[in-house]
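Per-entry structural report
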Amino acid sequence: MLLYQAWLNWRLQQALSNLVATSFNDQLADGVIALGGLLVLASGLALAALSAWAVIAFSAGWAIQAAYLLWANRSNLNDPPAAGRRRAVHAFAGYTAATALVLLLPLTGVLA
């Protein structure tokens, strides 16, 4: 769903580019969100296949999400997107727990 939303946002920005200018920060944020979505998808697929690549994919996904949330939280916390970021932080906490479990799987011999 996140990748679909990023694709729709990109298409909308392309269609309205003659009417409304998109800031570099917005374009960068959209790119990072799309990259994060791809890494979450890759980590899930790697885990489903019980591949050792799951550790790398989860770690990379965690790092890009952490960097994005740190960058996004530098703005005013009273603006409307702040509520969405709070939900993103809650989802990030769940992804952190999943990442911690995946990092333990090689120690138990589950991931080859």
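To be clear, the structure that these remarks concern was listed above.
In short, a report on the structure. (Residues numbered from 1 in each chain as written. Predicted model: local features only at pLDDT ≥ 70, side-chain atom pairs only at ≥ 80, totals over all residues. Heavy atoms only, no water.)

**Some remarks on unusual backbone geometry**
You will see that leucine 50, though not glycine, has its phi angle at about 55°, which is positive. With respect to the helices and strands, the residue leucine 50 is situated in the loop between helix 2 (24–48) and helix 3 (53–72). Leucine 50 sits in the partly exposed class, given a relative accessible area of 45%. (Helix = DSSP H or I, 4+ residues; strand = E, 2+ residues; numbered from the N terminus. Buried < 20%, exposed > 50% of the residue type's maximum accessible area, 1.4 Å probe, protein only.)

**Digging into the side chain of glutamine 65**
Structurally, glutamine 65 can be placed in helix 3. Beyond its immediate stretch of four places on either side in the chain, glutamine 65 contacts Val40, Phe92 and Tyr95. (Contact = heavy atoms within 4.5 Å.)

**What to know about a nonpolar patch on the surface**
A cluster of nonpolar residues, Leu12, Leu16, Leu19 and Val20, forms a patch on the protein surface that exposes about 400 Å² of accessible area. Mapped onto the secondary structure, leucine 16 falls in the loop between helix 1 (2–15) and helix 2. (Patch = residues over 30% accessible without salt bridge, like charges linked within 9 Å, V, L, I, M, F, W, Y side chains within 5 Å. Areas by Shrake-Rupley, 256 points an atom, 1.4 Å probe, with all protein chains shown as cover. Salt bridge = Lys/Arg side-chain N within 4 Å of Asp/Glu carboxyl O.)

**Quick word on the side chain of serine 51**
By the secondary structure assignment, serine 51 is in the loop between helix 2 and helix 3. Side-chain polar atoms of serine 51 contact the backbone nitrogen of tryptophan 53, separated by 3.0 Å. Every residue in contact with serine 51, bar those within four places of it in the chain, is listed here: Ala46 and Leu111. (Polar contact = N/O pair within 3.5 Å; in protein donor to acceptor, adjacent residues only side chain to side chain.)

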